[in-house]
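The chain contents come next:
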Amino acid sequence: MNVTAFTARLSAVAGAIRSRWNSAIFRTLENHPVAKVPWSAVRRIGQSRLLALTVIVPFLGSIILFNQTVVDALSLSPALVRLWLHLDRDGGEQARDAAHALTLSRLYYVYFGLSFLGFGSALFGLFCPTTVKDHSSLTAYQSTEAPFASRPRFKIALRQIAYEACYWDWFNGAEHQFLFTSPIWFRRAGAPTDFQMLFHTVVLEIYGPWCRANPESELDAEVYEDRSGHPDTSKLAYAMAFPNRIRSIFVDELADVAFDGGTRSDILALSFMAHDNSKPALRLFTAGCYAIGFFLLLIPTVQTFYGVILSLVASS
């Protein structure tokens, strides 16, 4: 095989690998893995009072867990360790040393596991939106907030919802607005499909009545339309999220339409979903701390289970 043929084959293999890699990345992004870990999913763990106590472990855990009294109290039985490790019956000192070493190794796993759970609890307490902390689900938020919904709160909620819609809309041309937040691929991986679909439907639902009520408005309606003349929800979201003086009037009028129309519960649902999918990087980091913590705590459990099974099999 000459050099030219070898180079051509190598280039073909590299192209195939690159194509499969790009295809795998595309499939991963289209599955929106970040959106599958909202704050409401992390809340099921973060709201645990028992886990909230793990916050002190990174600071006091070494004093508590590695205290000589605690180590002695939690020390494994030398007899069991002798069976697990198949030591001689005469090696009493060896069995005690092995039991002490195994006990310390398990305490290390427990210490680091609880420390990661403590980090996760601290991040959850600091960064999880109050809306998600106080309400276990979307329906609970709607039923609680509906009696207190007012026009001013609707105006604030609509702008916040529009900002979140612009953040997740990785097709929008206002990339400079999110230059220092997250890259496009990350926003694409975390785009909440249910939020985007509901936002698109609700915006069209309130924009239509506004156009009929303001046929001669100073605002040029064509600014918010696409090339085919249909309302462009991306442009409407940008106008609501980053309003100037004239757009503020437009946004307030849209909020009035939403308040007077049949989309109140939908606006409340969008508000909860916007909070639920906010701060994606911190949300992932919090969930990662919980996952690592539970994994480290599981290691000594699996080791003990495996050792007991081996001793039972050996004795039989």
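See the structure printed just above.
All figures in this text were calculated on a predicted structure; none of them were measured in a lab. (Residues numbered from 1 in each chain as written. Predicted model: local features only at pLDDT ≥ 70, side-chain atom pairs only at ≥ 80, totals over all residues. Heavy atoms only, no water.)

## Points about the overall build of the protein chain
Reasoning step 1: Along the protein chain, the regular secondary structure elements total 16 helices and 0 strands.
Reasoning step 2: Total accessible area computed for the protein chain in this model is approximately 18600 Å², and 63% of it derives from carbon and sulfur atoms. (Helix = DSSP H or I, 4+ residues; strand = E, 2+ residues; numbered from the N terminus. Areas by Shrake-Rupley, 256 points an atom, 1.4 Å probe, with all protein chains shown as cover.)

## Overview of the side chain of R43
Reasoning step 1: In this structure, R43 sits in helix α2 (residues 39–46).
Reasoning step 2: No salt bridge is formed by the buried R43; its nearest oppositely charged neighbour, D134, is found at 6.9 Å.
Reasoning step 3: Aside from chain neighbours lying at most four places away, what touches R43 is F124, V132, K133, D134, H135 and S136. (Buried < 20%, exposed > 50% of the residue type's maximum accessible area, 1.4 Å probe, protein only. Lys, Arg positive; Asp, Glu negative; His and termini not counted. Salt bridge = Lys/Arg side-chain N within 4 Å of Asp/Glu carboxyl O. Contact = heavy atoms within 4.5 Å.)

## Remarks on the packing of aromatic side chains
Reasoning step 1: Scanning all chains against the criterion turns up 12 aromatic pairs.
Reasoning step 2: Relative to F259, the ring of F154 lies with its centre 5.4 Å away and its plane at 85°, an arrangement referred to as edge-to-face. Remark: F259 occurs in helix α14 (residues 245–260) and F154 occurs in helix α10 (residues 151–168); sequence separation between them is 105 residues. Per residue, the accessibility class of F154 equals that of F259, and both read buried. (Phe/Tyr/Trp six-rings, centres within 6.5 Å; stacked < 30°, edge-to-face > 60°.)

## Observations regarding the pattern of salt bridges
Reasoning step 1: Counted according to the given criterion, the structure contains 5 salt bridges.
Reasoning step 2: R153 is the salt-bridge partner of E145, the closest N and O atoms lying 2.8 Å from each other.
Reasoning step 3: The exposure class of E145 is buried, given its relative accessible area of 15%.
Reasoning step 4: Across the pair R151 and D260 runs a salt bridge whose closest N-O atoms are separated by 2.7 Å.

## Some points on the layout of surface pockets
Reasoning step 1: When its volume is computed, the largest pocket comes out at roughly 280 Å³.
Reasoning step 2: If you trace the largest pocket, you find 17 residues lining it, with Y141, E145, R153, A157 and S271 closest to the centre.
Reasoning step 3: Elements that contribute at least two residues to the lining of the largest pocket include exactly α8 (130–134), α9 (138–145), α10 and α15 (264–276).
Reasoning step 4: Across the lining of the largest pocket, the residue classes tally to 8 nonpolar, 6 polar and 3 charged. (1 Å grid on protein atoms, 1.4 Å probe; cavity = no way out; pocket = protein on both sides within 12 Å on 5 of 7 lines; lining within 4 Å. Points joined across faces, edges and corners; volume = space filled by probe spheres on them. Nonpolar A, V, L, I, M, F, W, Y, C, P; charged D, E, K, R; others polar.)

## Points about the packing of helix α12 (residues 193–213) against helix α13 (residues 233–241)
Reasoning step 1: Interhelical geometry of α12 versus α13 gives an angle of 80° and a closest axis separation of 10 Å. One finds that α12 runs roughly perpendicular with respect to α13. Counting all contacts with α12, which are made through F199, H200, V203, L204 and Y207, the residues of α13 involved are T233, L236, A237 and M240.
Reasoning step 2: Residues that form the contact of α12 with α13 fall into these classes: 7 nonpolar, 2 polar and no charged. (Axes fitted to C-alpha atoms, helices over the stretch in contact; angles between N-to-C directions. Parallel < 35°, antiparallel > 145°, perpendicular 65-115°, else oblique.)

## Topic: unusual backbone geometry
Reasoning step 1: Look at H32: it is not a glycine, yet its phi comes out positive at around 50°.
Reasoning step 2: Within the secondary structure, H32 is located in the loop between α1 (3–30) and α2.
Reasoning step 3: Despite not being glycine, K279 has its phi angle at roughly 50°, a positive value.
Reasoning step 4: Tracing the chain through its elements places K279 in the loop between α15 and α16 (280–315).
Reasoning step 5: Its relative accessible area of 38% is what places K279 among the partly exposed residues.

## What about the environment of K235?
Reasoning step 1: Within the secondary structure, K235 is located in helix α13.
Reasoning step 2: With sequence-adjacent residues up to four places away left out, K235 is seen in contact with V223, Y224, E225 and D226.

## A word on the environment of R49
Reasoning step 1: In this structure, R49 sits in helix α3 (residues 49–52).
Reasoning step 2: Residue class for R49 comes out exposed when judged on its relative accessible area of 77%.
Reasoning step 3: Linking R49 and S121, residues 72 residues apart in sequence, is a C-alpha distance of 9.9 Å.

## Examining the nonpolar core
Where a protein is soluble and globular, its nonpolar side chains tend to be buried together.
Reasoning step 1: Core analysis: the largest hydrophobic core is formed by 30 residues, its most contacted members being F199, M240, F250 and L254.
Reasoning step 2: Put simply, the parts of the chain that give this core at least two residues each are α10, α12, α13, α14 and α15.
Reasoning step 3: If we ignore the near neighbours within four places in the chain, the residues touching M240 are L158, R159, A162, F199, V203, V251 and L254.
Reasoning step 4: Among the nonpolar cores identified, the runner-up in size contains 11 residues, and W39, L51, F124 and C128 belong to it. (Core = buried A, V, L, I, M, F, W, Y, C linked by side-chain atoms within 4.5 Å.)

## What to know about a nonpolar patch on the surface
Reasoning step 1: A contiguous nonpolar patch, built from V55, I56, F59, L60 and I63 and spanning about 490 Å² of accessible area, is present on the exposed surface.
Reasoning step 2: On the secondary structure map, F59 appears in helix α4 (residues 57–65).
Reasoning step 3: Of the residues examined, F59 reaches a relative accessible area of 63% and is grouped as exposed. (Patch = residues over 30% accessible without salt bridge, like charges linked within 9 Å, V, L, I, M, F, W, Y side chains within 5 Å.)

## Observations regarding the side chain of S248
Reasoning step 1: Positionally, S248 belongs in helix α14.
Reasoning step 2: When near neighbours in sequence (up to four residues on either side) are disregarded, S248 contacts R159 and P243.

## Here's the deal with the packing of α13 against α14
Reasoning step 1: Direction vectors running N to C along α13 and α14 enclose 110°, while the axes themselves pass 8 Å from each other. Taken together, the axes of α13 and α14 lie roughly perpendicular to each other. Contacts from L236, Y238, A239 and M240 in α13 reach R247, F250, V251 and L254 in α14.
Reasoning step 2: Across the contact of α13 with α14, the residue classes tally to 7 nonpolar, no polar and 1 charged.

This is a description of form; function is not addressed.
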